[in-house]
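Each chain is listed here by its residues.
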Amino acid sequence: MTTPTAKPTVATVWLDGCSGCHMSFLDLDERLITLAGLVDVLHSPVVDQKQFPQQVDLTLVEGAVSSEEDLHKALIIRARSKLVVALGDCAVTGNVPAMRNYFDRSDLFARAYVENAQEPTTPEERRVVLPVLGVPPLRPHATALHEVIKVDMFLPGCPPPADAIWYLLTEILAGRTPATTTVSRFGK
Amino acid sequence: MNTPVDIATESITLRIDDKDVSCRKGETVLQVARENGIDIPTLCYMEGLTVWGGCRLCMVEIAGSPKLQAACATVCTEGMIISTQSPRLENYRRMIVELLFAERNHVCSVCVSNGHCELQTMAVKLGIDHVRFAYRFPHLEVDNSHDRMRMDHNRCILCTRCVRVCAEIEGAHTKDIKGRGVLAAIIHDLDQNWGESSTCTSCGKCVNICPTGALTHRGTAVGEMTKKTTFLPYLTLMREAQP
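Definitions and cut-offs
- Residues numbered from 1 in each chain as written.
- Chains lettered and ligands numbered in written order.
- Predicted model: local features only at pLDDT ≥ 70, side-chain atom pairs only at ≥ 80, totals over all residues.
- Helix = DSSP H or I, 4+ residues; strand = E, 2+ residues; numbered from the N terminus.
- Rg over C-alpha atoms; globule rule 2.2 N^0.38 Å.
- Buried ≥ 20, exposed ≤ 12 C-beta atoms within 10 Å, placed from the backbone.
- Contact = placed C-beta atoms within 7 Å.
- Nonpolar A, V, L, I, M, F, W, Y, C, P; charged D, E, K, R; others polar.
- Domains from an automatic or database assignment.
- Pairing = 2+ DSSP bridges.
- Core = buried A, V, L, I, M, F, W, Y, C linked by C-beta atoms within 7 Å.

Enquirer: Which parts of the structure should I look at to understand the overall build of chain B?
Expert: A count of helices and strands for chain B gives seven helices and 10 strands. Since a compact globule built from 243 residues should have a radius of gyration of about 18 Å, the 19 Å found for chain B is in line with a globular shape. Dimensions along the principal axes, computed over C-alpha positions, put chain B at roughly 55 × 50 × 30 Å. Counting only residues that meet the buried cut, chain B has 35% of its 243 residues in that class. Across chain B, the fraction of contacts at a sequence separation of at least 24, relative to all contacts at a separation of at least 6, is 62%.

Enquirer: Teacher, can you tell me more about the interface of chain A and chain B here?
Expert: A common way to express how large an interface is: the accessible area buried when the components associate. Every contact between the two is made by 23 residues of chain A and, on the other side, 18 residues of chain B. For the side of chain A that touches chain B, the element with the most residues is helix α4 (residues 89-93) of chain A, which contributes three residues. Of the residues assigned to the side of chain A that touches chain B, the class counts are 11 nonpolar, nine polar and three charged.

Enquirer: Before we go on, may I ask you to explain helix α5 (residues 161-170) of chain B in this structure?
Expert: Residue and element names in this part refer to chain B. Listed as buried for α5 are R161, C162, V163, R164, V165 and C166. Check the buried side of α5 and you find it contacts β8 (175-178), β9 (185-188), α6 (205-209) and β10 (215-217). Positive phi shows up at G171, right after α5, with a value of about 80°.

Enquirer: Please clarify how the domain arrangement of chain B should be interpreted in this entry.
Expert: All names here are of chain B. Domain parsing of chain B yields domain 1 (7-85) and domain 2 (108-227). Averaged C-alpha coordinates put domain 1 and domain 2 at centres separated by 28 Å. Contacts between the two partners involve nine residues from domain 1, matched on the other side by 13 residues from domain 2. For the side of domain 1 that touches domain 2, the per-class residue count stands at seven nonpolar, two polar and no charged.

Enquirer: I tried to follow the sheet that holds strand β4 (residues 69-70) of chain B on my own but got confused; where do I start?
Expert: Sheets are built from strands paired through backbone hydrogen bonds, the pairs being either parallel or antiparallel. Residues and elements named next belong to chain B. If you trace the five strands from one edge of the open sheet to the other, you get β2-β1-β5-β3-β4, paired in mixed fashion. Taken across any chain shown, the strands that pair with only one partner, and hence form the sheet edges, are β2 (19-24) and β4. Across six bridges, the pairing between strand β1 (residues 11-16) and β2 is antiparallel. Counterpart to R15 in the pairing with β2 is D20.

Enquirer: For this particular structure, what's the right way to read the environment of V41(A)?
Expert: Residues and elements named next belong to chain A. Mapped onto the elements of the fold, V41 is located in strand β2 (residues 40-43). Distance in space between the C-alpha atoms of V41 and T12 is 8.0 Å, their sequence separation being 29 residues. Residue contacts for V41: discarding those within four places in its chain leaves V10 and V47.

Enquirer: Even after reading the chapter, I still don't get the nonpolar core, so can you show me in this structure?
Expert: If you look at the biggest cluster of nonpolar residues, it comprises 95 residues, and the most contacted ones within it are V61(A), V85(A), A86(A), A91(A), C58(B), A71(B) and C162(B). Sort the elements by how many residues they give to this core and helix α7 (residues 162-173) of chain A lands first, with six residues. Taken domain by domain, this core gets at least three of its residues from each of domain 1 (7-85) and domain 2 (108-227) of chain B. Setting aside residues no more than four positions away along its own chain, C162(B) makes contact with K175(B), I186(B), C206(B), I209(B), C210(B) and L215(B).

And the structure:
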């Protein structure tokens, strides 16, 4: 349970991305102090809360939907958030994580765990075992967030500049729909 | 070419976006609109090359015709009433550019033309913040066989500017198109590796005229590839000035 608060609640989530969008979010610098006065950040890679809260006003999602775990999280985010924003090119287009989509998963595994693996020295190492325990299965394609859940707003960019994130947040808090292509674009 | 022109019979008046304009006989809607500061988006059109009419971004509405017409390929006639902006046209233009993004692998963030790409700029211009169509993720090749230039089919939008500049300006006609629909692709000579082409003069016009990161100089990293298209009007002018 979250403490009742008058301030809008915000969550940020990191799916299949490089965390660059979150770095850009931290690049808000001193504006983070202002933001802390405007919203309550309930869940994020930069706060302690591990479980996604029951109810959030706004969720920013970084990263493509690549594994079954990503999909599971995306569905929870949608069910519990009033507004979902795809933050950055991976969430918006698939971007770099989706570059694996041109290949079969078996080829990817072979590349990662056999071809690029260190030269085996022991019989144990020579026995190629793909990790299956404790890792989420990879979906056939890494996809944009809006291919699996309804997304309300999109902020493209790799990563979106801090100024663009600030513009997005302040526009949403003011009750307006941000015109995100005026502040960022694919690949920015 | 330099014969005196009878202004009264050789000029045409028409209306574009509620603006009365006049032009010479034979001019296209796109030319006249641009001469009068009316912007119509294009990707395949290039002044100095023959009209291709392939990208369909310059579609306009002409009063009295239910069909949309490509402004680049429509010659002005007396009394035409043209709209270059409408919700219907904006919807189609947006759809076209989104389909271009979905058709091949345009990964802007790792593209050598990031920040200098006409497709990317067009997305911004049309307010495209995401693509509503499913990406196809085709497996396409990068032709690295030429010692100075590179062809990345992942980034190609098949505008054919390279084909036309090669055939019409350089006169080599090394490049052409094979296949149809999503299987269409730029080829060199008889679908050989670029580096093995016996007709390519390595002039580099195709690289400079390519709107995206499909044709680039080798050795360029992300965002480093800038294009120079200023040579084309100059060459065309020189050619026209020849007796």
